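# Fold and contact review
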Amino acid sequence: MSPSPVRLLLADDHPVVRAGLRAVLDTEPGMRVVQEAATAERAVELAAAGGIDVVLMDLQFGPGRMHGSEATAAIAARPDAPRVLVLTTYDTDADILAAVESGAAGYLLKDAPPEELAAAVRTAAAGRSALAPAVAHRLMDRMRTPAEALTKRELEVLQLVGDGLSNQQVSKALFLSQATVKSHLVHIYAKLGVDSRTSAVAAATARRLIRR
């Protein structure tokens, strides 16, 4: 008797992307796409309903929508939750750390070849971690030089600064005092070897720590 197929949920706001993923994964032996979601909120609902083994989760779902990392955390928090494999175009430290800390079983980039995608799905379904080589390399670099690496909170602060928010706006968005935001910025400047917000954003973008 053949084993049951791995049941997949595709969560991405682009219909063409979902169609492409379905075309690839439905032809893989032992895999079946059973649900699709155009929003992260819908992905959380479908995952909670059961009948899903692995969720392929994008990170960005448009302005005002739940972020993929938030959806990953919501899905992973439930008992007997499906495994979540992030599939995105972003390979910044900020995105990777947010996804991993949210409970993602893996992190893959959308330019991965079909065989790498299928292997990652099988790895995630088996309960193991599946990281794209470039992502694993970035995480290893952080572990080698922890004193120089920006913390998750520092990355969150800097990402919002890069998005154009003032210290006051950052403090409200992250529920921090303005003094704490300033303290984070001081540490960020020291780690990046810069002396201004503009230089910090430029340096972090160049190093793919945040995205612009």
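Here's what I pulled together on the structure shown here. (Residues numbered from 1 in each chain as written. Predicted model: local features only at pLDDT ≥ 70, side-chain atom pairs only at ≥ 80, totals over all residues. Heavy atoms only, no water.)

### Comments concerning the overall build of the protein chain
Filter applied, for reference: For the purposes of this entry, the term helix denotes a DSSP run of H or I that reaches at least four residues, the term strand denotes a run of E that reaches at least two, and both are numbered from the N terminus. Only the C-alpha atoms count toward the radius of gyration. The rule for a globule is 2.2 Å times the residue count to the power 0.38. Any two residues whose heavy atoms approach within 4.5 Å at even a single point are treated as in contact. Method for areas: the Shrake-Rupley scheme with a 1.4 Å probe, in which residue coverage is limited to the protein chains shown. A residue counts as positive if it is Lys or Arg and as negative if it is Asp or Glu; His and the chain ends are not included. Note that the charge is assigned to NZ on lysines, CZ on arginines, CG on aspartates and CD on glutamates.
Tallying secondary structure elements over the protein chain gives 10 helices and 6 strands in all. By the compact-globule yardstick of 17 Å for 212 residues, the protein chain fits well, its C-alpha radius of gyration being 18 Å. If you line up the protein chain on its principal axes, its C-alpha atoms span 65 × 30 × 30 Å. If you take every contact in the protein chain between residues at least 6 apart in sequence, the share linking residues at least 24 apart comes to 61%. Here the protein chain displays about 10,700 Å² of accessible surface, and carbon together with sulfur accounts for 55% of that area. Averaging the coordinates of the 24 positive side-chain charges in the protein chain and doing the same for the 24 negative ones gives two points 3 Å apart.

### A word on empty space enclosed by the protein
Where we set the bar: Method remark: on a 1 Å grid restricted to protein atoms, a set of points is classed as a cavity if a 1.4 Å probe fits but cannot get out and as a pocket if it is open with protein on both sides within 12 Å along at least five of seven lines; lining residues have an atom within 4 Å of a point. Grid points are joined across faces, edges and corners, and a volume is the space filled by probe spheres set on the points. Any residue that is not Ala, Val, Leu, Ile, Met, Phe, Trp, Tyr, Cys, Pro, Asp, Glu, Lys or Arg is counted as polar, Gly included; the first ten are nonpolar and the last four charged.
The tally for this structure, following the rule as stated, stands at 1 cavity of 30 Å³ or more. The space that makes up the largest cavity amounts to roughly 30 Å³. Around the largest cavity, the lining residues are A11, D12, V17, L21, L56, M57, D58, L87 and K110. Sorting the residues of the lining of the largest cavity by element identifies α1 (15-25) and β3 (54-57) as the ones contributing at least two each. Broken down by class, the residue content of the lining of the largest cavity amounts to 6 nonpolar, no polar and 3 charged.

### Digging into the environment of R22
Considering the arrangement of structural elements, one finds R22 in helix α1. Sequence separation between R22 and S199 is 177 residues; the distance between their C-alpha atoms is 42 Å.

### Observations regarding the layout of surface pockets
Considering only enclosed or pocket space, the largest pocket measures out at about 640 Å³ in volume. Together, 19 residues line the largest pocket, and H67, D95, A98, Q159 and R211 are the ones closest to its centre. Elements supplying a minimum of two residues to the lining of the largest pocket: α3 (68-76), α4 (93-101) and α7 (152-162). When its residues are assigned to classes, the lining of the largest pocket shows 6 nonpolar, 5 polar and 8 charged. A volume near 260 Å³ is recorded for the second largest pocket. In terms of lining, the second largest pocket is formed by 14 residues, of which the most central are D93, R142, T145, A149 and L209. If you list the elements that add at least two residues to the lining of the second largest pocket, you get α6 (133-144) and α9 (178-192). Looking at which element gives the most residues to the lining of the second largest pocket, the answer is α6, with 4 residues. For the lining of the second largest pocket, the residue count by class is 5 nonpolar, 2 polar and 7 charged.

### Focus on the pairing of strand β4 (residues 83-88)
Applicable threshold: Buried residues are those whose accessible area, probed at 1.4 Å on protein chains only, stays under 20% of the maximum for their type, while exposed residues exceed 50% and partly exposed ones sit between those limits. Think of it this way: DSSP has to see at least two bridges between two strands before they count as a pair. With strands facing away from the observer, any crossover in which the path from the first strand over the helix to the second runs clockwise is taken as right-handed.
When you tally the buried positions in β4, you get 5 out of 6 residues, the bulk of the element. Bridge count for β3 against β4 is 4 bridges, and the pairing is parallel. Bridge pairing in β4 links M57 to V86. Of the crossover connections in this fold, the one passing from β3 over α3 to the parallel β4 is right-handed. Relative to strand β5 (residues 106-109), β4 runs parallel, the two sharing 4 bridges. Its bridge partner being in β5, L85 is matched across the sheet by G106. Note that the unit made of β4, α4 and β5 has a crossover that is right-handed.

### Structural notes on the packing of α7 against helix α8 (residues 167-174)
Worth spelling out the cut-off: Helix axes are fitted to C-alpha atoms over the stretch in contact, other axes to C-alpha atoms as well, and angles between N-to-C directions run from 0 to 180 degrees. Any angle that falls under 35 degrees is termed roughly parallel, while one over 145 is termed roughly antiparallel, one within 65 to 115 roughly perpendicular, and all others oblique. Should the near helix be turned anticlockwise from the far one by less than a right angle, the crossing is left-handed, and should it be turned clockwise, the crossing is right-handed.
Two elements in contact, α7 and α8, have axes whose closest approach is 10 Å; the angle formed by their N-to-C orientations is 130°. When the interaxial angle is binned, α7 and α8 end up oblique. For α7 against α8, the interelement crossing comes out right-handed. Within the contact between the two elements, α7 uses R153, E156, V157, L160 and V161 and α8 uses V170, A173 and L174. For the contact of α7 with α8, the residue count by class is 6 nonpolar, no polar and 2 charged.

### Quick notes on unusual backbone geometry
The phi torsion of most residues other than glycine is negative, and most of the peptide bonds are trans. Positioned with a positive phi, D80 is a non-glycine residue whose angle comes to about 55°. With phi around 60°, R208 is a residue other than glycine that occupies positive phi space.

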